[in-house]
Amino acid sequence: MSETGNRLRKLLESPNFDPQNYVKQLSQQSDGDRDLQEHRQKIQNLADETAQNLKKNVYKNYRQFIETAKEISYLESEMYQLSHILTEQKSIMESITQALLSTDKDETSKEMQAAFPKETEELKQRTLTSLLEKVEGGKNIMDTPGRHLVYNGDLVEFDVDNMSPIQKVHAFLMNDCLLIATWLPNRRGTVKYKYNALYDLESFAVVNVKDNPPMKDMFKILMFPDSRIFQAENSKIKKEWLEILDETKKNKVTKDRHTKEEEVPTSPVRAEASTNPFEQDEDEPAGAEESVDLSPEWIQELPEDLDVCIAQRDFEGAVDLLDKLNEYLKEQPVTQRVKELRLKVDQRVRQLTEVLVFELSPDRSLRGGPKATRRAVSQLIRLGQSTKACELFLKNRAVAVQTAIRQLRIEGATLLYIHKLCNIFFTSLLETAKEFEMDFAGNTGCYSAFVVWSKSAMRMFVNAFSKQVFDSKESLSTAAECVKVAKEHCQQLTEIGLDLTFTLQSLLVKDIKAALQSYNDIIIEATKHRNSEEMWRRMNLMTPEALTKLKDEMRSCGIGSFEQYTGDDCWVNLSYTIVAFTKQMMSFLEEGLKLYFPELHMVLLESLREIILVAVQHVDYSLRCEQDPEKKAFIMQNATFLHDTVLPVVERRFEEGVGKPAKQLQDLRKSTRPVRINPESTTSVV
């Protein structure tokens, strides 16, 4: 930058810069409009340079911004998990403390129950009954014997996604469940609330939500795969809810455990011998129940451990626990206690399956490619849900491929777009196939589903391909190049044993037929138009460069003997119509061979025959109608070039590209063989 520009920059960057004084001084010092325009241009240049520097800095740090945002997201997730782990650790420490003090509490409670057994139960039940009378739809809750109220209070429910308040609720915590009731805006008598939901204490986990003003005094209830967030009136009430919920859940677990331990199976005493043949079988479960030891601590705590694993998204740990239990009970008889344990475990298995299914749903983030689904798929397979895992995996990948195709920007150049489309689609298909083979290596029955999915994915690809190539009426050469690119990419799949070439061909054959027929009609119309203006004169290319270019074009078409038809200077001993027809004919043949499928054999052959017939019939008609001997000889020379030079090249090139001779073209050439006769005769072909 010049010295003047540096001074101007320093002036504008100074902290004491006053725009009004600056403009005032500038207007006083300027000699006229020209000075003001020059100064304005300097300021504009400085502004442009500053904008460029800012843009460069943004581009320079753009990747760092993205990586920082990702790290922040990861840290936030890890902090949430850490908070949950700390909460679980706290609950474990409290349970240990509770266990140490349980002896004293049990003795005290037994003394109280011995002194006032009925009074306590009746009082608790009366309190619960009086409160539930205020809940619309809550009369059946008291049908469960022994259920009583532990704690209740008002809460505000918030939306999990945007943390906005939804409604005011009243929560009733009982010794075995949690009732959520909503406030009625129009109260009727003593009824204040309406039944909303009832959760078993074993079906949910309670998680503390860190205060983030103005969102504070909140806690979350996790019922996988759903969750609900509630806000207490103040921090003291929130603490009471968390402590009482935790203590009530532990009391229920302890009570259930003691109930099972106190159950002593007794064999029935028979008064007399019985002739009932089924009595012996009825007695066997009692003996069998004694032989199944369910007292190990890890079995007793298995349902709670599964809840923790699901809450912490430790899917592998949850499945490991299930495998351990199945291995333990594999050869054990199915007793009543085993059935009860199985019911509790099956409930957790359903929750775990729902979470894994949600992980594979297309609503989740599709980033990370097929490998991102490996964790959920492997655990579903271990749970015996290989069919569902296969279905969800393929559905997830179908949405990912469809999204990638939709996000692909349509470029101005069709061939460039097709290159990108093929690269995205076939790369995704290849990665999906490799991941599928890795995940479902031991489930050969799922491979047929993958083949069916591959064909449906290919249909999706062909729809996008045809819409861009054929629906937009691209030239035949562009369409041929695009189809060639698609074929080459499709061949890459054979390295993993997947050949979809036939599927690709069968899906494209209809559009290619239409394109060949359309271009065939264009060539015929153009040939007829040139024939209508034919004067049967030699071509004069005017310059040697043009003649050289025409020779090169004919040589590239496969017509090596074109030299014998060139005369002195820049003359060609052929008519413009025949030369133009030859070039257009050979171009159509080359593009048609690029598009060739076995299903298109007759279509391409008939198109070539129709085009050649138009030119041959025109030459034949001209020979019969022309009276001038010189022109008739010139027409005969063009007919000989067409018959002896062009048609054999077409037949040979077709046979090279297809692999079998073109019998129809050979018959056409034989049937239109020109014969040198008396120039005054009107007979031209035999």
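Residues numbered from 1 in each chain as written. Predicted model: local features only at pLDDT ≥ 70, side-chain atom pairs only at ≥ 80, totals over all residues. Heavy atoms only, no water.

The name given to the protein chain in an unreviewed UniProt entry is Exocyst complex component 8, with Sander lucioperca as the source organism. Taken directly from UniProt, the Sequence similarities (unreviewed entry) text for the protein chain runs: "Belongs to the EXO84 family." Recorded in UniProt for the protein chain, the comment headed Function (unreviewed entry) runs: "Component of the exocyst complex involved in the docking of exocytic vesicles with fusion sites on the plasma membrane." (UniProt positions renumbered as here; feature names shortened; annotations may be inferred.)

Turning our attention to the overall build of the protein chain. Helix and strand content of the protein chain: 21 helices and 10 strands. The burial tally for the protein chain puts 37% of its 686 residues in the buried class. For the protein chain, the share of sequence-separated contacts (at least 6 apart) that also reach a separation of at least 24 residues comes to 65%. Split by element, the accessible area of the protein chain, about 40600 Å² in all, is 51% carbon and sulfur. (Helix = DSSP H or I, 4+ residues; strand = E, 2+ residues; numbered from the N terminus. Buried < 20%, exposed > 50% of the residue type's maximum accessible area, 1.4 Å probe, protein only. Contact = heavy atoms within 4.5 Å. Areas by Shrake-Rupley, 256 points an atom, 1.4 Å probe, with all protein chains shown as cover.)

Looking at the secondary structure, you find Thr-182 in strand 4 (residues 177-188). The residues contacting Thr-182, other than those within four sequence positions of it, are Gln-167, Lys-168, Val-169, Lys-192, Tyr-193, Lys-194 and Asn-196.

All right, on to helix 20 (residues 629-658) then. A turn of α-helix holds 3.6 residues, and therefore any two residues three or four places apart point the same way. In a regular helix each residue adds 1.5 Å, so 30 residues correspond to 44 Å; helix 20 covers 42 Å between its end C-alpha atoms and thus fits that length. Along its length, helix 20 reaches its greatest deviation from straightness, about 30°, at Val-646, and the proline Pro-648 lies no more than four positions downstream. The N-capping residue of helix 20, defined by a side-chain oxygen 3.3 Å from the backbone nitrogen of Glu-630, is Asp-628. Just downstream of helix 20 lies Gly-659, where phi reads positive at about 100°. (Expected span 1.5 Å × (residues − 1). Bend = angle between axes of the 7 residues up to and from the residue. Polar contact = N/O pair within 3.5 Å; in protein donor to acceptor, adjacent residues only side chain to side chain.)

Let us now look at the nonpolar core. Judged by nonpolar contacts, the single largest core of 124 residues is most densely connected at Phe-461 and Phe-465. Ranked by the residues each element gives to this core, the list is headed by helix 20, at 12 residues. Not counting residues within four places of it along the chain, the set of residues in contact with Phe-465 comprises Ile-418, Leu-421, Phe-470, Cys-482, Val-483, Ala-486 and Leu-508. Counting 19 residues, the second-largest nonpolar core is a separate cluster that includes Leu-178, Ala-197, Phe-230 and Leu-245. (Core = buried A, V, L, I, M, F, W, Y, C linked by side-chain atoms within 4.5 Å.)

To characterise two packed helices, one gives the angle between the axes of the helices and the distance between these axes. Two elements in contact, helix 15 (residues 476-491) and helix 18 (residues 576-594), have axes whose closest approach is 8 Å; the angle formed by their N-to-C orientations is 25°. Comparing their axes, helix 18 and helix 15 come out roughly parallel. Considering the relative orientation of helix 15 and helix 18, their crossing is left-handed. Taken together, the residues of helix 18 that come into contact with helix 15 (itself represented by Leu-476, Ser-477, Ala-480, Glu-481 and Lys-487) are Phe-588, Glu-591 and Lys-594. Considering only residue class, the contact of helix 15 with helix 18 consists of 3 nonpolar, 1 polar and 4 charged. (Axes fitted to C-alpha atoms, helices over the stretch in contact; angles between N-to-C directions. Parallel < 35°, antiparallel > 145°, perpendicular 65-115°, else oblique. Left-handed = near helix turned anticlockwise from the far one by under 90°. Nonpolar A, V, L, I, M, F, W, Y, C, P; charged D, E, K, R; others polar.)

On to the pairing of strand 7 (residues 218-223). Buried residues dominate strand 7, accounting for 6 of its 6 residues. Across the two faces of strand 7 the burial is the same, with Met-218, Lys-220 and Leu-222 and Phe-219, Ile-221 and Met-223 all buried. Relative to strand 7, strand 6 (residues 205-209) runs antiparallel, the two sharing 5 bridges. Within strand 7, the residue paired with Ala-205 across the bridge is Leu-222. Across 6 bridges, the pairing between strand 7 and strand 8 (residues 226-231) is antiparallel. Following the sheet pairing, Met-218 is matched in strand 8 by Gln-231. (Pairing = 2+ DSSP bridges.)

Our next topic: the pattern of salt bridges. Evaluation of the coordinates by the stated rule reveals 21 salt bridges. Put simply, Arg-147 and Asp-176 hold a salt bridge, and the shortest N to O gap is 3.0 Å. With Arg-147 in the loop between strand 1 (135-136) and strand 2 (149-158) and Asp-176 in the loop between strand 3 (165-174) and strand 4, this residue pair connects regions lying 29 residues apart in the sequence. Like Arg-147, the residue Asp-176 is buried in the burial classification. Note that Asp-211 is salt-bridged to Lys-238, the shortest N-O span being 3.7 Å. (Salt bridge = Lys/Arg side-chain N within 4 Å of Asp/Glu carboxyl O.)

This brings us to the environment of Ile-221. Checked against the element boundaries, Ile-221 lands in strand 7. Ile-221 gets classed as buried once you look at its relative accessible area, which sits at 2%. C-alpha separation for the pair Ile-221 and Ala-205, spaced 16 residues apart in sequence, amounts to 5.7 Å. The contact partners of Ile-221, leaving out residues within four places of it in the chain, are Leu-178, Phe-204, Ala-205, Ser-227, Arg-228 and Phe-230.

A separate point is a nonpolar patch on the surface. On the surface, Ile-92, Met-93, Ile-96 and Leu-100 cluster together to form a nonpolar patch covering roughly 420 Å² of accessible area. Summarising the element assignment, Ile-92 is placed in helix 3 (residues 33-115). With a relative accessible area of 40%, Ile-92 lands in the partly exposed category. (Patch = residues over 30% accessible without salt bridge, like charges linked within 9 Å, V, L, I, M, F, W, Y side chains within 5 Å.)

On to the packing of aromatic side chains. Taken as a whole, this structure holds 20 aromatic pairs when the rule is applied. A ring pair is formed by Trp-298 and Tyr-328, whose centres lie 5.8 Å apart and whose planes are at 85°; its orientation type is edge-to-face. Here the residue Trp-298 occupies a position in helix 7 (residues 297-300), and Tyr-328 occupies one in helix 9 (residues 315-328), the gap between them amounting to 30 residues. According to the relative accessible area criterion, Trp-298 is partly exposed, its value standing at 24%. Measuring from ring centre to ring centre gives 6.1 Å for Phe-393 and Phe-436, while their planes differ by 40°; the resulting arrangement is tilted. Of the two residues, Phe-393 sits in helix 12 (residues 386-407) while Phe-436 sits in helix 13 (residues 414-439), which places them 43 residues apart along the sequence. (Phe/Tyr/Trp six-rings, centres within 6.5 Å; stacked < 30°, edge-to-face > 60°.)

Evaluation of the coordinates by the stated rule reveals 0 disulfides. Left unpaired, Cys-446 is separated from the closest cysteine sulfur, that of Cys-390, by 4.2 Å. We note that Cys-490 lacks a disulfide partner, and the nearest cysteine sulfur, in Cys-422, lies 9.4 Å from it. (Disulfide = S-S within 2.5 Å.)

An ideal rise of 1.5 Å per residue puts 20 Å on 14 residues; helix 9 measures up with 20 Å between its terminal C-alpha atoms. Inspection of helix 9 places Phe-315, Gly-317, Ala-318, Val-319, Leu-321, Leu-322 and Leu-325 among the buried residues, and these make up the whole buried set. As for helix 9, its buried residues are in contact with helix 7, helix 8 (302-311), helix 10 (336-360) and helix 11 (374-382).

This part covers unusual backbone geometry. In this structure, Met-163 takes a positive phi of about 55° despite not being glycine. Along the polypeptide, Met-163 turns up in the loop between strand 2 and strand 3. With relative accessibility at 22%, the residue Met-163 sits in the partly exposed group. Non-glycine residue Asp-217 carries a positive phi angle of around 60°. On the basis of relative accessible area, Asp-217 is assigned to the buried category, the value being 9%.

Where helix 9 meets helix 10, the closest approach of the two axes is 11 Å, and the angle between their N-to-C directions is 150°. Judged by the angle between their axes, helix 9 and helix 10 are roughly antiparallel. Considering how the two elements wind past one another, helix 9 and helix 10 form a crossing that is left-handed. Residues Phe-315, Ala-318, Val-319, Leu-322, Leu-325 and Asn-326 of helix 9 touch helix 10, and the partners they reach there are Leu-341, Arg-342, Val-345, Val-349, Leu-352, Val-355, Leu-356 and Glu-359. Split by residue class, the contact of helix 9 with helix 10 holds 11 nonpolar, 1 polar and 2 charged.

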